[in-house]
Amino acid sequence: MSGRQSNKLPNNLPQLQNLIKRDPPSYVEEFLQQYRHYQSNVQIFRLQPDKPNKELGDLVMFLAQVGHCYLQHLSTFPQELSELLLSHHTVLEPDLRMTFCKALILLRNKDLINPSGLLELFFELLRCHDKLLRKTLYTHIVADIKNINAKHKNNKVNTTLQNFMYVMLRDRNPIAAKISLDVMVELYKRNIWNDAKTVNVITTVCFSKVTKILVAALKFFLGTDEDEKNDSDSESEAKGPSARDLMVRYSTGKKTSKNKKKMEKAMKVLKKHKKKKKAEVFNFSAIHLIHDPQDFSEKLLKQLEESKERFEVKIMMMELISRLVGIHELFLFNFYPFIQRFLQPHQRDVTKILLCAAQSSHQLVPPEIIEPVIMTIANNFVTDRNSGEVMTVGINAIKEVTARCPLAINEDLLQDLAQYKTHKDKNVMMSARGLIQLFRNLNPQMLHKKDRGRPTEASAEAKIKDYGELEAKDYIPGAEVLEVEEEHKEGQDEDGWESASISDDDEDGEWVDVHHSSDEDTGEAVEKLQSLPAEERQAKAAAVSSSRLLTQEDFKKIRLVQMAKEVNAAPGKGQKRKKEDSDDEGDRRGELLTLRNIEKLHKKPKADKETRLATAMAGRADRKDFVRKRTKLNPHASTSNKEKRRKKNFMMMRHSQNVRTKGKRSFREKQIALRDSLLKKRKQHK
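My aim in this report is to walk through the structure given alongside it, one point at a time. (Residues numbered from 1 in each chain as written. Predicted model: local features only at pLDDT ≥ 70, side-chain atom pairs only at ≥ 80, totals over all residues. Heavy atoms only, no water.)

### Quick look at the side chain of H88
Phase 1: Summarising the element assignment, H88 is placed in helix α5 (residues 77–88).
Phase 2: Given a relative accessible area of 17%, H88 falls into the buried group.
Phase 3: In this structure, H88 is in contact with F45 and P49, ignoring residues within four places of it in sequence. (Helix = DSSP H or I, 4+ residues; strand = E, 2+ residues; numbered from the N terminus. Buried < 20%, exposed > 50% of the residue type's maximum accessible area, 1.4 Å probe, protein only. Contact = heavy atoms within 4.5 Å.)

Next up, the structure:
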């Protein structure tokens, strides 16, 4: 009887819900009965809101499920439920509060409630001490805002919610403020709220007194770069000369060792240029959207100087300030003496502080401000009393600082650091050579004559600009090759067409090698350009730049010529010594530095005894597979007579017949015995 009673519609809400969804007009009376029941339960609930009420929860979920079937009767239901939740959310029983929230989420998914009012209510509920509820609300808020902006950005709703969020970030409840910040960060990552307003609201959180909120805001601005794994080689080759172009150019004509060496050098230059030309892709471009980075960085520095937070948090603040200064080229002169205090080899996380010093350097900082930082690094790190790793880190840091602010280092210090190119430690030696290679490109005149390398056309043109100097060119460098190439083609046309006939020997269907005339012309044009003076080159380049529209092929030829300048010797200079190879990875400098630029070691450091012992013990863990297996069925059984003979003392066996005749066996008998023993061993291992 109990089963039949539970099957009646007034008492079985799931069954009634199913029938209503199939045919709403036929079950209006049953629905109204349940709705009156819900209203009476609400009256009881208002008298004692802190008491658990499972029946009310079931009725609320039932009405939310069938809300779209009876819009007229339930027109006030969503608003009434929101008011109940807003009025009593602090004293509500957790399960009933979660049921109310799920019902509202269900109504919102059916578009029966306004998103702005509901999301504001949910932000208020973030103050509740209910972790599961907060997690549910966070997921719904992010998903709902994403759905609102799915087809097109709903600026009206976004503006309302952003203004409300700005208030929530300053809420006295740290949990609600932290979740509000997480929502904004998540929406920024999903490219929904990726505007400047969102970023500048988050900047206000960087001055929060709550450490968790402060760290979350700092991590948002210190986002890492996207890996450029999806970039194909074809895209990079389409923008400039490819490896095939160089091979065609240097393989034409006579094959000599000189041409082969030139091609190898050109390949290295091409590889370096491709690394330089890769576009910087940022996952977080938030730093670029800050309205007033100067004021923001000054306030952050003041907070850093007065901060009593943990050292890890201070390091994060230093990194953010250094990125702001480096990317926006700000003037924050008090930051450099502050960093200078921490530049000691024994300092905790000193490589990150060195990274901040390098990141905050740029060309607009006066050299006298940066010079004390470089001298401090040189005096504290690059000394023979320190280990090789410490010296390497110091030289790498000086290299990164001077790459951004070349005027900050004087000639004497540079030549002293260049002397470490013959140091016994390979890491120090390679770092010093990297510094030498950097200044070969920037300003070879600052190096000692023996360190300048073979002069090339590019190094002859290199010059460090004075402080505040800008070099504005009214022509495209290298465009003169187009005019010289055209003159060369006209000269060939005047000589007449070359007669080309196919002989009888070539008619047998074999392949015929055809040289690319365009590459030969470019090579000859480059050789002709070397003989022209610099003034005439500039005049030709200006004439070409102003008189014609350049195509992609023209730009490709120009890049080829500019790359050739780094390979070809300067006019009047021969190759006197072999050019030293340098690590090209350091030449690629984007807006952001990584710790690898500072901690780059060319030789793997020697492991200590504990590490070696741990590696050896880890290798012995699976040694059981190589131990000889027992073949006995019963491990407790006694050994056979054959095994006993093997273990017997030799002095007891030396006079036996087997031992005496063993040495008198013929070569054939030994062969047969060896074969039999090997076959027997193979069977045992199977």
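### What about helix α16 (residues 293–306)?
Phase 1: Across its 14 residues, α16 extends 20 Å between first and last C-alpha, which sits within 8% of the 20 Å expected from 1.5 Å per residue.
Phase 2: All buried positions along α16 are accounted for by P293, F296, S297, L300, L301, Q303 and L304. For α16, the angular spread of the buried residues around the axis is 165°, confining them to a single face. Facing away from the buried side of α16 by more than 90 degrees, the exposed set consists of K302 and E306.
Phase 3: Taken together, the buried residues of α16 touch α11 (196–203), α12 (211–221), α17 (311–328) and α18 (335–340). (Expected span 1.5 Å × (residues − 1). Arc of directions from axis to C-beta.)

### Overview of a nonpolar patch on the surface
Phase 1: A contiguous nonpolar surface patch, about 420 Å² in accessible area, is contributed by F331, F333, L364, L407 and Y467.
Phase 2: Relative to the assigned elements, F333 resides in the loop between α17 and α18. (Patch = residues over 30% accessible without salt bridge, like charges linked within 9 Å, V, L, I, M, F, W, Y side chains within 5 Å. Areas by Shrake-Rupley, 256 points an atom, 1.4 Å probe, with all protein chains shown as cover. Salt bridge = Lys/Arg side-chain N within 4 Å of Asp/Glu carboxyl O.)

### What to know about the packing of helix α21 (residues 388–404) against helix α23 (residues 426–442)
Phase 1: Here α21 crosses α23 at 15°, and the two axes come no closer than 8 Å. Here α23 runs roughly parallel to α21, going by the angle between their axes. Judged by the sense of rotation from one axis to the other, the crossing of α21 with α23 is left-handed. Residues G388, M391, T392, I395, N396, K399, T402 and A403 of α21 form the contact with α23, whose participating residues are N427, V428, S431, A432, G434, L435, L438, F439 and L442.
Phase 2: Here the residues of the contact of α21 with α23 are counted per class, giving nine nonpolar, seven polar and one charged. (Axes fitted to C-alpha atoms, helices over the stretch in contact; angles between N-to-C directions. Parallel < 35°, antiparallel > 145°, perpendicular 65-115°, else oblique. Left-handed = near helix turned anticlockwise from the far one by under 90°. Nonpolar A, V, L, I, M, F, W, Y, C, P; charged D, E, K, R; others polar.)

### A look at the pattern of salt bridges
Phase 1: Per the stated rule, a full pass over the model turns up 14 salt bridges.
Phase 2: Put simply, D182 and K178 hold a salt bridge, and the shortest N to O gap is 3.0 Å. Of this pair, D182 and K178 both sit in helix α10 (residues 174–189), separated by four residues, roughly a single helical turn.
Phase 3: In this structure, E312 and R348 form a salt bridge, with 2.5 Å as the shortest nitrogen-oxygen distance. Here E312 is found in helix α17, whereas its partner R348 is found in the loop between α18 and α19 (350–359), with 36 residues between them in sequence.
Phase 4: Bridged by salt links that share partners, the residues R108, D111 and D144 form one connected network.

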